[in-house]
Structure formats: C-alpha cells, structure tokens
Amino acid sequence: MKKFFTALLCASLAVFTTVGFSACGGGTDSGAVNLVAITAAQVGVTGDFDYYVVAEPAASTRVNAVPSLEFAGDLQELYGGENGYPQAVIVAKNELLNTSFMGDFLDAVSGNKDWLLSESTSAQSVISAVQSHLTEGMSPTFTAANLTKDVIKNCGINLTYAYDDKDEINAFMQEFNSVSETAFGTASDSFFWDGEIRSESYSGGVSVYMPDGAPALGLANLMAGEKAFDVAVNYNVVDSTLIQTYVAGDCKADVCVLPVNVAVKLLGSGEKYKMVATLTHGNLYLLSNSGTKISADNLSQLKGKKVGVVNLAAVPGLTLKVILKNHGIEYVELV
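Think of each chain on its own: its residues are numbered from 1, step by step along the sequence as written. Since the coordinates come from a predicted model, pLDDT governs what is reported: local features require at least 70, and pairs of side-chain atoms require 80 or more to be given and counted, while whole-chain, interface and lining totals use all residues. Calculation of side-chain values draws on the structure's entire complement of heavy atoms; hydrogens and water are dropped beforehand.

### Examining helix α12 (residues 315-326)
Put simply, the rule reads: Helix and strand labels come from DSSP, where a helix needs a run of H or I of at least four residues and a strand needs a run of E of at least two; each type is numbered from the N terminus. Under the convention used throughout, the expected extent of a helix is 1.5 Å for every residue step, that is, one less than its residue count. Throughout, exposure labels follow a simple rule: accessible area from a 1.4 Å probe, protein chains only, divided by the maximum for the residue type, with under 20% read as buried, over 50% as exposed, and the rest as partly exposed.
The first and last C-alpha atoms of α12 sit 16 Å apart over twelve residues, in line with the 16 Å expected at 1.5 Å per residue. If you check which residues of α12 are buried, you get V315, P316, G317, L318, T319, L320, K321, V322, I323 and L324. Phi turns positive, to about 70 degrees, at G328, one or two residues after α12.

Quick look at the structure:
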C-alpha cells in the first residue's frame, strides 16, 4: 500500500514537457533517456551512468583523469547544420556600432582561430593571455594540463556575423523555448547588427567582458596583444555565473560575450545592445566508460540509458533535450 501511494504521489508531481517529465523514486524508464544532474567531478567515477554530457575543456580533463572514459559522441554533430548549435555570442553597445573600432575589433576576432591553432602559438602563450585578464581569486579554466590543439578545436570557435546567423539564432531559441520551463523568447530584428562599417571614430575607452572557458579562448589573441586599436581596450575574464550582470544596471560592458539564450532574453529588443557575431558554435560532448559511440543514426540507443549531465538546467541540458526532441526520443529527468 505504501508503494502504491508513493507511486501515486510521484505521478501527481511529475512535470510534463513536450517529450519528457521529471520522475522520482530512483527508477529508470526503459523507453526514454534518463537524465540526471551531476557535477564535473562526478563524471566517470560516480553512479551507474551509461553516458555523460560535458563541455570542453572539462570533457578532455575527465577523459585524461579516468582511464576507462572516452569520447562517445558530439552534440554539435547531433544537432546538425553546418556549424552545430550557436552557443556564445558577442554583443556591443549601440554607440559602438558602425564605428571603425567595431570593424577592426571583429577583424581581429576573426583571425583568432588561426592564431590559436598555429604551430607557432604555444599553449602557454594562450594560457598567459587569458590568465592575465582573469578576475582576481578565480581558478583558471585552461591550464598547461588541459589546453591542447584538440581541445581548442573542440571548443567550437567559429566567428559568424550576426546578419548571417539571424535565422539560425532564432530557430535555436524556438527550440530552447520548447524544452525549457522558462521561455527565453526570440530576438527582434533590431537585435541583429546589419554589419555596416563606417569610418566614424570612437573617442572613449572600451571595456570587454567575457566568461572564462571557450568564450575567453575565442578572444585570446586580442588579450595577448596581437592587435592594437586606436582606443584603449580593457579585457575582463569573469565568472560565467555573473556575466549577465555586466550588461544590466549601469551596463559596465561595452562589448560582452554571453550565452545566446541569456543574450536574447536580456537584450533581444536591441534597445541598448546588439548582437554583432556568434563566437562559438558549441563545445558539448558525450562521454562513456563502455558505451557504444552515438551518432544521429543510432541516437535511439540512448533509450533506457542513464545520462549524467553537467549543468542539466542550463545550456548543456537544454541542448540535449532539443536534440532528443528533434529525433522523436522521449526523455525523463530523475530527481
């Protein structure tokens, strides 16, 4: 009788989405992908998980730390499209747009990927560039132990101008809205910079803010001093959980790198900031101790499996849910 009432309570508390729900009681659903929120430190060593979803560079760090752990899938490929899903975007204050600085800045950012992957660019020079602008007291994401050319490639750094990415951004946000308990909305046309470059000068200094990790890697050549500008530019690498505060209130950031969903939700009207470009197109990977490699052709093999997701409630979890939904695969969150 007690088990019956427990099951009844769980059923009554289940939170349904279009393709999934939250379940209690510790069991797994054999007809759905079973999602569990975990930390990066738990990947590969905790619980009876079949797969894990982890972002770079944590993915490579865990694979190197746990001998049995290996890469088993690429969420960028599973999402589809030429570049995968858009992840981090660059926004700028409206008064900076159409200035010569904005054009010079984006030209420099567009050359960053080649600089990072150049044989003449050492890992230490990249690490030093980022760490020299890191907020005091923060532990750096990238170190000599985890920054390799392969990790750089896995971070999905690929600058795409806003006017070329508008449809993809809004399509991705609609996908996010369909699997998120809190809708992020979509951006207005005025949020996307048209890319028009003029010779207007900008007399003030420019403060650039970005979260540590792949977004900071995307601007590493600028922080290394590879490009000089006509105005003073101050770079700030900050805690990812606080990045949205720099485009709110007194708007400290003149230029800011934000997760695409945060940018659209907070700034999608285009009133104060516009999106000028997408900086990264995803850095999420499936890991497994012994599981089958997962591709779009065999994604259904995740049914009945237990998948630990680092940041289940944020972009990693939402992206996985979008992929599963698009392939008609149910998922359930275990709590």
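### Looking at the packing of helix α8 (residues 162-179) against helix α11 (residues 260-267)
Applicable threshold: Axis angles are defined between N-to-C directions and span 0 to 180 degrees, where every axis is a line fitted to C-alpha atoms and, for a helix, only to the segment in contact. Should an angle fall under 35 degrees it is taken as roughly parallel, and over 145 as roughly antiparallel, whereas 65 to 115 is taken as roughly perpendicular and any remaining angle as oblique. By definition, residues are in contact when any of their heavy atoms lie within 4.5 Å. Amino acid classes used here: Ala, Val, Leu, Ile, Met, Phe, Trp, Tyr, Cys and Pro are nonpolar; Asp, Glu, Lys and Arg are charged; the rest, including Gly, are polar.
Taken N-terminus to C-terminus, the directions of α8 and α11 make an angle of 95 degrees; their axes are 10 Å apart at the nearest point. By the angle class used here, α8 and α11 are roughly perpendicular. Within the contact between the two elements, α8 uses I169, F172, M173 and F176 and α11 uses V260, N261 and V264. Across the contact of α8 with α11, the residue classes break down as six nonpolar, one polar and no charged.

### Overview of the packing of α8 against α12
Packing of α8 against α12 leaves a shortest axis separation of 9 Å and a crossing angle of 95 degrees. Considering the angle they form, α8 stands roughly perpendicular to α12. Across from F172, E175, F176, S178 and V179 in α8, the residues of α12 making contact are V315, L318, T319, K321, V322, K325 and N326. Within the contact of α8 with α12, the residues separate by chemical class into six nonpolar, three polar and three charged.

### What about empty space enclosed by the protein?
The test is simple: The distinction between a cavity and a pocket rests on a 1 Å grid over the protein atoms alone: a 1.4 Å probe fits inside a cavity but cannot get out, while a pocket stays open yet meets protein on both sides within 12 Å along at least five of seven lines, and a residue with an atom within 4 Å of a point counts as lining. Grid points are joined across faces, edges and corners, and a volume is the space filled by probe spheres set on the points.
A complete count under the given rule lists one cavity of 30 Å³ or more for this structure. Volume-wise, the largest cavity comes out at about 40 Å³. Together, V126, I127, V130, Q131, P140, T141, F142 and D212 line the largest cavity. Looking at the lining of the largest cavity residue by residue, the class counts come to five nonpolar, two polar and one charged.

### Examining the layout of surface pockets
Of the voids in this model, the second largest pocket is the one considered here, and its volume is about 200 Å³. Around the second largest pocket sit 15 residues that line it, and Q76, N83, K153, G156 and H281 are the ones nearest its centre. Every element with two or more residues in the lining of the second largest pocket is listed here: α3 (75-79), α7 (149-154) and β6 (157-161). Of the residues in the lining of the second largest pocket, the class split is two nonpolar, eight polar and five charged.

### Thoughts on the confidence of the model for the protein
Where we set the bar: Values of pLDDT, ranging from 0 to 100, describe the predictor's confidence in every residue of the model.
Per-residue confidence for the protein gives a mean pLDDT of 90; residues scoring 70 or more make up 92%. Long-range and interchain partners of residues 1-19, a stretch whose pLDDT sits below 50, account for 16 contacts in this model, where long-range means more than four residues apart.

### Digging into the environment of N236
You can see N236 is positioned in strand β8 (residues 233-238). Accessibility expressed as a relative area gives 16% for N236, which makes it buried. Measuring from C-alpha to C-alpha, the distance between N236 and A253 comes to 9.3 Å, with 17 residues separating the pair along the chain. In contact with N236, other than residues within four places in its own chain, are H133, V208, Y209 and M210.

### A short note on the packing of aromatic side chains
Applicable threshold: Centres within 6.5 Å make a pair out of two Phe, Tyr or Trp rings, where for Trp the six-membered ring is used; the pair is then stacked when the planes are under 30 degrees apart, edge-to-face when over 60, and tilted otherwise. Only when the NZ atom of a Lys or the CZ atom of an Arg is both within 6 Å of the ring centre and within 35 degrees of the ring normal do we say a charge sits over the ring.
In the structure shown here, the tally under the stated rule is 13 aromatic pairs. Between F101 and F105 the ring centres are 5.6 Å apart and the planes differ by 35 degrees, which places this aromatic pair in the tilted class. In this pair, F101 and F105 are both assigned in helix α4 (residues 100-110), four residues apart and thus about one turn of the helix distant. This pair shows no difference in class: F101 is buried, exactly as F105 is. A ring pair is formed by F172 and F176, whose centres lie 4.5 Å apart and whose planes are at 45 degrees; its orientation type is tilted. Of this pair, F172 and F176 both sit in helix α8, four residues apart, roughly one helical turn. Members of the aromatic cluster, joined through ring pairs, are Y79, Y85, F172, F176 and F184. Residue placement shows K306 over the ring face of F49; its charged tip is 5.0 Å from the ring centre.

### As for α8
As a reminder, the rule being used: Note on bend: the value at a residue is the angle between axes fitted to the seven residues ending there and to the seven starting there.
Under the 1.5 Å per step criterion, the end-to-end length of α8 is 24 Å for 18 residues, consistent within 8% with the ideal 26 Å. Largest kink in α8: about 30 degrees, centred on E168.

### What to know about unusual backbone geometry
Following E56, the chain continues to P57 via a peptide bond in cis, the omega torsion being 5 degrees. Relative to the helices and strands, P57 resides in the loop between β3 (51-55) and α2 (58-65). If you check the backbone angles, C251 has positive phi at about 50 degrees while not being a glycine.

### Structural notes on the nonpolar core
Stated formally: By nonpolar core is meant a set of buried Ala, Val, Leu, Ile, Met, Phe, Trp, Tyr and Cys residues that side-chain atoms within 4.5 Å join together.
Core analysis: the largest hydrophobic core is formed by 52 residues, its most contacted members being V91 and F191. Apart from residues lying up to four places away in sequence, F191 is in contact with V91, A263, V264, L267, G268, S269, G270, Y273, K274 and M275. One finds A88, W115, C155 and L222 within the second-largest nonpolar core, a separate group that totals 45 residues.

### Thoughts on the side chain of T280
Selection rule: Here a polar contact means two N or O atoms within 3.5 Å. Within protein one must be a hydrogen donor candidate and the other an acceptor candidate, and residues neighboring in sequence count only if both atoms are side-chain atoms.
By the secondary structure assignment, T280 is in strand β10 (residues 273-280). In this structure T280 comes out as buried when scored by relative accessible area, which is 1%. A polar atom in the side chain of T280 sits 3.2 Å from the backbone nitrogen of A88. For T280, the residues in contact, after removing those within four places along its chain, are P86, Q87, A88, C155, G156, I157, N158 and A214.

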